[in-house]
Amino acid sequence: MTDTHMADDWGAKRLAQRRRRRWGIAGALVIVAVAFPVLVNLLGGAHLSELRGGATVTPDGRTLSTSALLTIAFVAIVFAASWLGWRDRDEVERELARRMYAAIGLSSMALFPIVMITAPLLAIPYPAMIAWLGSIAIGGIVYGIARLRG
Amino acid sequence: MVRSGQDMENRLKVLRAERDWSQAELAGRLDVSRQAVNAIETGKYDPSLPLAFRIARLFGQHIEEIFDDGHAHG
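Definitions and limits used
- Residues numbered from 1 in each chain as written.
- Chains lettered and ligands numbered in written order.
- Predicted model: local features only at pLDDT ≥ 70, side-chain atom pairs only at ≥ 80, totals over all residues.
- Heavy atoms only, no water.
- Patch = residues over 30% accessible without salt bridge, like charges linked within 9 Å, V, L, I, M, F, W, Y side chains within 5 Å.
- Areas by Shrake-Rupley, 256 points an atom, 1.4 Å probe, with all protein chains shown as cover.
- Salt bridge = Lys/Arg side-chain N within 4 Å of Asp/Glu carboxyl O.
- Helix = DSSP H or I, 4+ residues; strand = E, 2+ residues; numbered from the N terminus.
- Buried < 20%, exposed > 50% of the residue type's maximum accessible area, 1.4 Å probe, protein only.
- Lys, Arg positive; Asp, Glu negative; His and termini not counted.
- Charge placed at Lys NZ, Arg CZ, Asp CG, Glu CD.
- Polar contact = N/O pair within 3.5 Å; in protein donor to acceptor, adjacent residues only side chain to side chain.
- pLDDT = per-residue confidence, 0-100.
- Axes fitted to C-alpha atoms, helices over the stretch in contact; angles between N-to-C directions.
- Parallel < 35°, antiparallel > 145°, perpendicular 65-115°, else oblique.
- Contact = heavy atoms within 4.5 Å.
- Nonpolar A, V, L, I, M, F, W, Y, C, P; charged D, E, K, R; others polar.
- 1 Å grid on protein atoms, 1.4 Å probe; cavity = no way out; pocket = protein on both sides within 12 Å on 5 of 7 lines; lining within 4 Å.
- Points joined across faces, edges and corners; volume = space filled by probe spheres on them.
- Buried area = accessible area lost by both parts, 1.4 Å probe.

1. Side note on a nonpolar patch on the surface
Residue and element names in this part refer to chain A. On the surface, a cluster of nonpolar side chains totalling about 530 Å² of accessible area is made up of Y126, M129, W132, L133 and I136. Relative to the helices and strands, Y126 is located in the loop between α4 (91-122) and α5 (127-149). The class of Y126 is exposed, set by a relative accessible area of 53%.

Pasting the structure below:
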């Protein structure tokens, strides 16, 4: 089929197709994220609180191994999806993503020592997790503002 | 959005309007997002050389006929 025989709105159709593919990947990621703790509980035997805290492990070595493997598989799936998403993005979206990751990295450099030092004084539970989540949140805010301004 | 422009002007919006294309239509033909087209049209983002070439080829013009950095040879 040549260009002359193609529909006048083939560009918009291709864009819509890409949007549907992206929503599909995002939906699959959400399903994996929701299913992960359920799978760990069912197959791994480790409770979610133990995974979150990281301080306690199941007394059964086999169970811990299953949980660890599931966690590695989960991270691998997220990484693969992120890589596919990155390849699917155009240069403007990648520039936005780079700025978001830069904000996460820079804020992490500042937040991590501050939270770790003040954690005993302020009785902050899981300071490393708080600093990590804070950095992610800052990156999200930077990304959101950039998108809104666009 | 992404402010990378250095007072670069372009005729993308005019060329798109001449063909009665929406931003989505142009984005699909260039295989970029609609946000990218909007950012380029409003001068908030300067496209890379490969994308500038794709734009020029799509409209059948030279790059310097679409993009103007204000230092054109007289």
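2. Quick look at a positive patch on the surface
A cluster of basic residues, R19, R89 and R147 of chain A together with R34 of chain B, forms a positive patch at the surface. Turning to its location among the elements, R34 of chain B is positioned in helix α3 (residues 34-41). With relative accessibility at 33%, the residue R34 of chain B sits in the partly exposed group.

3. Let's talk about the pattern of salt bridges
This model, assessed by the stated rule, comprises 10 salt bridges over all chains. One salt bridge connects R22 of chain A with D88 of chain A, and the closest N-O pair in it is separated by 3.2 Å. With a gap of 66 residues between them, R22 of chain A in helix α1 (residues 10-44) and D88 of chain A in helix α3 (residues 61-88) connect regions that are remote in the sequence. An identical accessibility class is assigned to R22 of chain A and D88 of chain A; each is buried. For E25 of chain B, the salt bridge identified is with R29 of chain B, shortest N-O distance 2.5 Å. In this pair, E25 of chain B and R29 of chain B are both assigned in helix α2 (residues 23-30), 4 residues apart and thus about one turn of the helix distant.

4. Concerning the side chain of S107 of chain A
Looking at where S107 of chain A falls in the secondary structure, it is placed in helix α4. In this structure the side chain of S107 of chain A is engaged in a polar contact, spanning 2.6 Å, whose partner is the backbone oxygen of A103 of chain A.

5. Considering the confidence of the model for chain B
Residues and elements named next belong to chain B. Mean pLDDT over chain B stands at 89; residues scoring 70 or higher make up 88%. When mean pLDDT is compared element by element in chain B, helix α4 (residues 49-59) scores highest at 96, while strand β1 (residues 9-10) scores lowest at 91. Complex prediction metrics read pTM 0.72 and ipTM 0.82.

6. Some thoughts on a negative patch on the surface
Residue and element names in this part refer to chain B. Together, D7, E9, D68 and D69 line one region of the surface with negative charge. Within the secondary structure, D68 is located in strand β2 (residues 67-68). You can call D68 partly exposed: its relative accessible area is 33%.

7. A look at the packing of α2 of chain B against α3 of chain B
Residue and element names in this part refer to chain B. Where α2 contacts α3, the two axes come as close as 8 Å, and the packing angle between them is 105°. One element, α2, and the other, α3, form an angle in the roughly perpendicular class. Across from Q23, A24, L26 and A27 in α2, the residues of α3 making contact are R34, V37, N38 and E41. A class-by-class count of the residues in the contact of α2 with α3 yields 4 nonpolar, 2 polar and 2 charged.

8. Quick look at the layout of surface pockets
Empty space within the largest pocket amounts to approximately 960 Å³. For the lining of the largest pocket, the secondary-structure elements that each account for two or more residues are α1, α3, α4 and α5 of chain A together with α3 of chain B. Taken together, the residues of the lining of the largest pocket sort by class into 16 nonpolar, 4 polar and 9 charged.

9. A short note on the interface of chain B and chain A
Contacts between chain B and chain A engage 23 residues on the former and 20 residues on the latter. Between chain B and chain A, a total of about 1,700 Å² is buried, with carbon and sulfur atoms accounting for 50% of that surface. One salt bridge connects D31 of chain B with R18 of chain A, and the closest N-O pair in it is separated by 3.8 Å. On inspection of chain B and its partner chain A, the count reaches 10 residue pairs in polar contact (both at pLDDT 80 or more). Among the elements of the structure, α2 and α3 of chain B are those that each provide at least two residues to the side of chain B that touches chain A.

10. A closer look at unusual backbone geometry
Phi angles above zero are rare outside glycine, and A123 of chain A is one such case at about 55°. Topologically, A123 of chain A is positioned in the loop between α4 and α5. With a phi close to 60°, D31 of chain B is a non-glycine residue in the positive phi region. The residue D31 of chain B is located in the loop between α2 and α3 in this model.

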